[in-house]
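A structural walkthrough
Chain by chain, the residues run as shown.
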Amino acid sequence: MISKKAKYALKALKVLAEQYGKGPVLISYIAEKEKIPKKFLEAILLDLRNNGVLQSQKGKGGGYLLRVPPGEVNFSKVLRIIDGPIAPALCVSMFFYGKCDDCKDEETCSLRTVLERWRDANLAVLDKTTLNDLLQAENAASTDILL
């Protein structure tokens, strides 16, 4: 499961994707629109800014905005920034590798093979899913409600 922090990050990024190209968005606007505690959101947006997903502008007319187009922000990057490894175990993690304490030999570990397939199946979805997909899903849901 993804953390509540990651869920809030994706919701905040959806708002920023909706506003892409229109200028900075206030934290208070995002917090209110998505029902995210403002202090928690500030920390989330700071993490995303420090990792190159967002940029911020200070002063009047300031706020946060996407640094790159929504189609270039995939879920795997966001989840790694917020939650860390996507892999089910560190021994199969692509960016956060760590040796298992209880494993005698990674090369012959049958569990590791299954965990690698699990990781790859998740990444097949998360690497290809972008903020644009999130916007399309919301638009489709809004259309269904109107029908």
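Reading the values: the criteria
Residues numbered from 1 in each chain as written. Predicted model: local features only at pLDDT ≥ 70, side-chain atom pairs only at ≥ 80, totals over all residues. Heavy atoms only, no water. Phe/Tyr/Trp six-rings, centres within 6.5 Å; stacked < 30°, edge-to-face > 60°. Helix = DSSP H or I, 4+ residues; strand = E, 2+ residues; numbered from the N terminus. Buried < 20%, exposed > 50% of the residue type's maximum accessible area, 1.4 Å probe, protein only. Salt bridge = Lys/Arg side-chain N within 4 Å of Asp/Glu carboxyl O. Domains from an automatic or database assignment. Contact = heavy atoms within 4.5 Å. Buried area = accessible area lost by both parts, 1.4 Å probe. Polar contact = N/O pair within 3.5 Å; in protein donor to acceptor, adjacent residues only side chain to side chain. Nonpolar A, V, L, I, M, F, W, Y, C, P; charged D, E, K, R; others polar.

Okay, the packing of aromatic side chains next. If you walk through the whole model with that rule in mind, you get 1 aromatic pair. Judged by centre distance (5.6 Å) and plane angle (80 degrees), the ring pair of Tyr8 and Phe40 falls under edge-to-face. Of the two residues, Tyr8 sits in helix α1 (residues 4-18) while Phe40 sits in helix α3 (residues 38-50), which places them 32 residues apart along the sequence. For Tyr8, a relative accessible area of 13% gives the class buried. Classification of Phe40 by relative accessible area gives partly exposed; the value is 31%.

Before going further, it helps to spend a moment on the pattern of salt bridges. Per the stated rule, a full pass over the model turns up 7 salt bridges. The salt bridge involving Asp120 is made with Arg119; its shortest N-O contact spans 2.9 Å. With relative accessibility at 12%, the residue Arg119 sits in the buried group. Salt bridges sharing common partners tie together Glu106, Arg112 and Glu116.

The domain boundaries assigned to the protein delineate domain 1 (4-66) and domain 2 (74-129). The C-alpha-based centres of domain 1 and domain 2 are spaced at 28 Å. The interface of domain 1 with domain 2 comprises 10 residues on the first partner and 7 residues on the second. Taking both partners together, domain 1 and domain 2 bury about 720 Å²; carbon and sulfur atoms supply 87% of that area. Summed over the three residues of domain 1 that lose the most area to domain 2, namely Ala6, Leu10 and Asn51, the buried surface amounts to 54% of that side. Across the contact surface, domain 1 and domain 2 share 0 residue pairs in polar contact (both at pLDDT 80 or more). Here the residues of the side of domain 1 that touches domain 2 are counted per class, giving 7 nonpolar, 1 polar and 2 charged.

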